[in-house]
Amino acid sequence: MIRFILSKLLYLVPTFLGITIIAFSFVRILPGDPVLLMAGERGVTPERHAELTAQLGYDKPVVLQYFDFLGRLFHGDFGNSLVTKKPVLTEFLTLFPATVELGLCAIIIATLIGVPVGVLAAIKRGSWFDQISMTTALIGFSMPIFWWGLLLIILFSGILGWTPVSGRIDLLYYFPDVTGFMLIDSLLSGQKGAFTSALSHLILPSVVLATIPLAVIARQTRSAMLEVMGEDYVRTARAKGMPPSRVIGIHALRNAMIPVITTIGLQIGVLMAGAILTETIFSWPGIGKWMIDSISRRDYPVVQSGLLLIAGLVMLVNLLVDLTYGLINPRIRNT
Amino acid sequence: MKMITRMLVAASALAMTSAMPALAKTFVYCSEASPEGFDPAPYTAGGTFDASAHPIYNRLTEFKKGTTEVEPGLAESWEVSEDGTEYTFHLRKGVKWQSNEKFTPTRDFNADDVIFSYDRQGNAENPWHQYIPGITYEYYTSMAMPDLIKSIEKIDDYTVKFTLNTPEAPFLANIAMPFASIVSKEYADALDAAGTREDLNNMPIGTGPFKFVAYQKDAVIRYTKNPDYWGTAPIIDDLVFAITPDAAVRLQKLKAGECHLMPYPAPADIEGIKADASLKLDEQAGLNVGYLAYNTTMPPFDNPKVRKALNMAINKQAIVDAVFQGAAEPAKNPIPPTMWSYNDAIVDDAYDPEAAKAMLAEAGVTDLSMKIWAMPVQRPYMPNAKRTAELMQEDLSKVGVKVEIVSYEWGEYLAKSMEPGRDGAVILGWTGDNGDPDNFLSVLLSCDSAGDGGANRAFWCNEDFSKLLKDAKITADPAERTALYEQAQVIFKDQAPWFTIAHSTQYVPMSAKVSGFVMSPLGDFTFETVDIAE
């Protein structure tokens, strides 16, 4: 198992280096630069432009800038934001728990609903349940998140008044961050009603963010189940007179879970992309909104280091998924 | 509304701990953007100033609420020397600095604070010039303060003398701008000693109506009333900014009672807001202009007659109706009607395609093709540049002018549109900084601004026009200045370097329970006068 983990870790090194190049180049390929955007309609003289560019260190050859960036990375220095002047890592760590909280909730919703729906749709293949659920999944998958989020806000917060419109907790609760996870901090604060308020704020954004992964997971579960249920060992189990619940629960589902887990793991990337829009609509102070703001301001250090941190994280999750295969299927860890 | 009631209860709980009246009033503002920081000097965004300069700080001079008139601020009075280059400010006595858990002031505001606040921006040798690596003072620089200010001297603790290199009539308005906020020298020294200089930008201390309490990044900013405020004390006890970037969501929050007031509603929502009895809507002509700037150095656009003909071929009212949804006033002058010296006697060129056609033929222009540049972003002065360009394209095709619409990414658009020899006319606009006509006319249309680093995108250099602006800049008498600017607008209209599009209306929706909010022509959001009905 240790060799398995080590070999997986080794793969990460070139991938990580590749990401540093992509993250570094991405924001520089975009037209426009931070100095121009800062000046706006007013304009900036070429001398002042050059002076500011030099002050930011962006007058050096790009390759040199890249190695500077890499060198500082190895010392754990992710740079400072051009706008807020604060260390990128500090900002990331401040905002990251909000995204994790939202992402975890979304993935839990997506899995808890998506897997059973997929299983049921596979068992009752061709039934009205199968057709309705898979059509809904297709609609969910193609839903423009921005529109969907706004629609839910107007319905549940505006018309029905069941959920708050946006934010992480009611403004009347005010306590310092301990973990950065609002559900935990609200409990720790000991303020009455804080936890309920945090939870109610989490519902709509989680549902919106869960929509696409939920659709993907349900469809993937269904097709994996269908495939497994056609296998000889399932037929044999059935022929032996095993009750259907055991056939499905033990033989089919366990084997169908491998592609489903892969899918769930891959949804982390989708979640990050979805978080950008979801966080903007729901005024959720996470890293998605932070990235959008920084890209539009061409805040180079934030975009490059932020992308790197996010990519690093997605890689880590994928690694964990790979390791989980090893746990589920011993044959994988020996190859 | 349930939410607000609950908020009041909790706010009063908070207030009791901080020894304030038991019935605390909390006002929630759904702000549109996160502040970049809380030191106003290094930043340029209005959203940042609403969170820093306006609630927390004061300046030597201030804009009178709801106007662009300058009134005394931290300077109680001032004298200007005969030649207009020396300003002696008499500072207000007994102005208390705020405190926070790390700092308690030992003295009141005085001349040292004024000198420190300016010197750190203008003097590269000042140890606070780069108190955060990479910090710059773009507003100070772009308002030409480094060239303008020769020296600042402390005469005594409550008297400061500014000496300028040249007379500058808008100077008093310039120093009422957010970048010129006065920060505490004593606080800076304390931070220096503690080795936490960046806290000047994180934990601000000012003299303004509200004290900073806390900022949760991208989510919430909290302030509390400054009990020692030297001016009229705020009516509300606590002020909260709930950062909500999306306009539609802001409106939902306002409707749900999660906030009391919001900036920048979407134009499409205005009718719905007017119809909602639980809300009210303040409106005011914005201090802005949207325009189409020809390249007046390129034939045939170097001929005023051609420009005039094109202006007459475009149906301005149709643009105001379709693009601004009526929320704008068609523009005839380069400055908005709310600004002093606006020349209302000027008659706009009539929309007359037939006459335009004839004028083009007279100028010998046939088969004209041109480009129109449409901005890729929405700005307060222009909700949809692409749609505007399309309407122009259609109108111009009727007089036989073929238009190609082009666009670039925003940063690139700003840079490329200032390149000499630019092909095409550019849609852009301007929002005033300080309410002075010079801040529009000199910045956007003078000979000086037609070159590198300027913002004169028509590259229009008319000696007579520029001379009038220069004279007005060194004239102290407002009546004389008004006459000069009025004359300048006559030349502008005659020479037509722009097609002036519109001055867009600014709207502020708020809960019907809110009273006392005063809209600022400069687009600032300030809350010391607001109240909420129980």
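See above for the structure.
Residues numbered from 1 in each chain as written. Chains lettered and ligands numbered in written order. Predicted model: local features only at pLDDT ≥ 70, side-chain atom pairs only at ≥ 80, totals over all residues.

Caption draft 1: Spatial organisation of the overall build of chain A. Helix and strand counts for chain A stand at 14 helices and zero strands. Shown N-terminal to C-terminal, the secondary structure of chain A runs as helices and strands in the order α-α-α-α-α-α-α-α-α-α-α-α-α-α. Principal axes of the C-alpha set define a box for chain A whose edges measure 85 × 55 × 40 Å. Contacts in chain A between residues far apart in sequence, at least 24 positions, make up 73% of those at least 6 positions apart. (Helix = DSSP H or I, 4+ residues; strand = E, 2+ residues; numbered from the N terminus. Contact = placed C-beta atoms within 7 Å.)

Caption draft 2: Spotlight on the overall build of chain B. Looking only at helices and strands, one finds 19 helices and 19 strands in chain B. Its C-alpha radius of gyration of 25 Å places chain B within 12% of the 24 Å reference for a compact globule of 534 residues. Structurally, chain B occupies a C-alpha span of about 80 × 55 × 40 Å along its principal axes. Counting all 534 residues of chain B, 52% fall into the buried class. Of all intrachain contacts in chain B linking residues separated by at least 6 positions in sequence, the fraction that spans at least 24 positions is 68%. (Rg over C-alpha atoms; globule rule 2.2 N^0.38 Å. Buried ≥ 20, exposed ≤ 12 C-beta atoms within 10 Å, placed from the backbone.)

Caption draft 3: Structural detail: the pairing of strand β14 (residues 369–373) of chain B. All names here are of chain B. In this structure, β14 lies alongside strand β15 (residues 402–406), joined through five bridges in parallel fashion. Within the sheet, the bridge partner assigned to Trp-373 lies in β15 and is Val-406. Note on the crossover from β14 through helix α15 (residues 385–397) to β15: the handedness is right-handed. In this sheet, strand β16 (residues 425–431) lies alongside β14 in parallel orientation, the contact comprising two bridges. Bridged to Ile-372 within β16 is Ala-425. (Pairing = 2+ DSSP bridges. Right-handed = clockwise from strand over helix to strand, strands pointing away.)

Caption draft 4: Region of interest: helix α13 (residues 300–328) of chain A. Its 29 residues give α13 of chain A an end-to-end C-alpha distance of 42 Å, which sits within 8% of 42 Å, the value for a rise of 1.5 Å per residue. Buried within α13 of chain A we find Tyr-300, Pro-301, Val-302, Val-303, Gln-304, Ser-305, Gly-306, Leu-307, Leu-308 and Ile-310 of chain A. (Expected span 1.5 Å × (residues − 1).)

Caption draft 5: Quick peek at the nonpolar core. Counting residues in hydrophobic clusters, the biggest one holds 164 residues, and the most contacted among them are Tyr-29, Ala-242, Leu-292, Ala-293 and Ile-427 of chain B. The dominant element in this core, judged by the number of residues it contributes, is strand β17 (residues 498–511) of chain B, at seven residues. Counting 62 residues, the second largest nonpolar core, distinct from the first, contains Phe-24, Leu-209, Ile-264 and Trp-290 of chain A. (Core = buried A, V, L, I, M, F, W, Y, C linked by C-beta atoms within 7 Å.)

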